[in-house]
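Secondary and tertiary structure notes
Okay, here's what each chain looks like letter by letter:
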Amino acid sequence: MGGIDKTFPELHTGKLFKIEGEIYELYDMRVTGIYSPVDYITSAFFRSKNPESDNPFFEAPVKRIIGNPVYEEYFEEQKEE
């Protein structure tokens, strides 16, 4: 007897994203707000791969990431521009 189980197969820890020209790693996902057993917020936490980044860590709701072109998946084979 639980709430609705939401999974996000397109998001997993270790995945890399290119966001505003910088490479970030998704290092954690967790529920950050609960309104009811079936209404809650899941957030993704990112860390920059650049040790000299001005924004080394940030958090974003998963709903904002899914399908948003700002969060471009990055593959190690891609060369830096």
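As a starting point, this report considers the structure included with it. All values reported here derive from a predicted model rather than from experimental measurement.

This brings us to the sheet that holds strand E1 (residues 16-19). With respect to topology, five strands assemble into an open sheet ordered E4-E3-E2-E1-E5, the strand pairing being antiparallel. With partners counted over all chains shown, the strands left at the sheet margins are strand E4 (57-61) and strand E5 (72-74), one partner each. On average, adjacent strands in this sheet sit at an angle of 45 degrees to one another, irrespective of strand direction. Here strand E2 (residues 22-36) pairs with strand E3 (residues 39-48) via ten bridges, running antiparallel. Across the sheet, Ser 36 pairs through a bridge with Asp 39, a residue of E3.

With that out of the way, let us pick up the packing of aromatic side chains. Throughout the structure, instances matching the rule amount to six aromatic pairs. Taking the centre distance of 6.1 Å and the plane angle of 75 degrees together, the rings of Tyr 27 and Phe 57 count as edge-to-face. Residue Tyr 27 is located in strand E2, and its partner Phe 57 is located in strand E4; the two are separated by 30 residues in the primary sequence. If you follow Arg 30 out to its NZ or CZ, it ends over the ring of Phe 45, 4.4 Å from the centre.

Conventions adopted
- Each chain has its residues counted from 1, running along the sequence as written.
- Reporting in this predicted model follows two pLDDT cut-offs: at least 70 for local features of residues, and 80 or more for side-chain atom pairs to be given and counted; totals over whole chains, interfaces and linings ignore these cut-offs and use all residues.
- Remark: hydrogens and water are excluded; side-chain values derive from all non-hydrogen atoms of the structure.
- What makes two strands pair is DSSP finding at least two bridges between them.
- Elements are defined by DSSP. Helices are runs of H or I of four residues or more, strands are runs of E of two residues or more, and each kind is numbered from the N terminus.
- For helices, the fitted line uses only the C-alpha atoms of the stretch in contact; every axis is such a line through C-alpha atoms, and the angle between N-to-C directions lies from 0 to 180 degrees.
- Ring geometry is summarised as follows: Phe, Tyr and Trp rings, the Trp one being its six-membered ring, pair when their centres sit within 6.5 Å, and such pairs are stacked at plane angles under 30 degrees, edge-to-face over 60 and tilted between the two.
- A ring is considered to have a charge above it if a Lys NZ or an Arg CZ atom is located within 6 Å of its centre and within 35 degrees of its normal.

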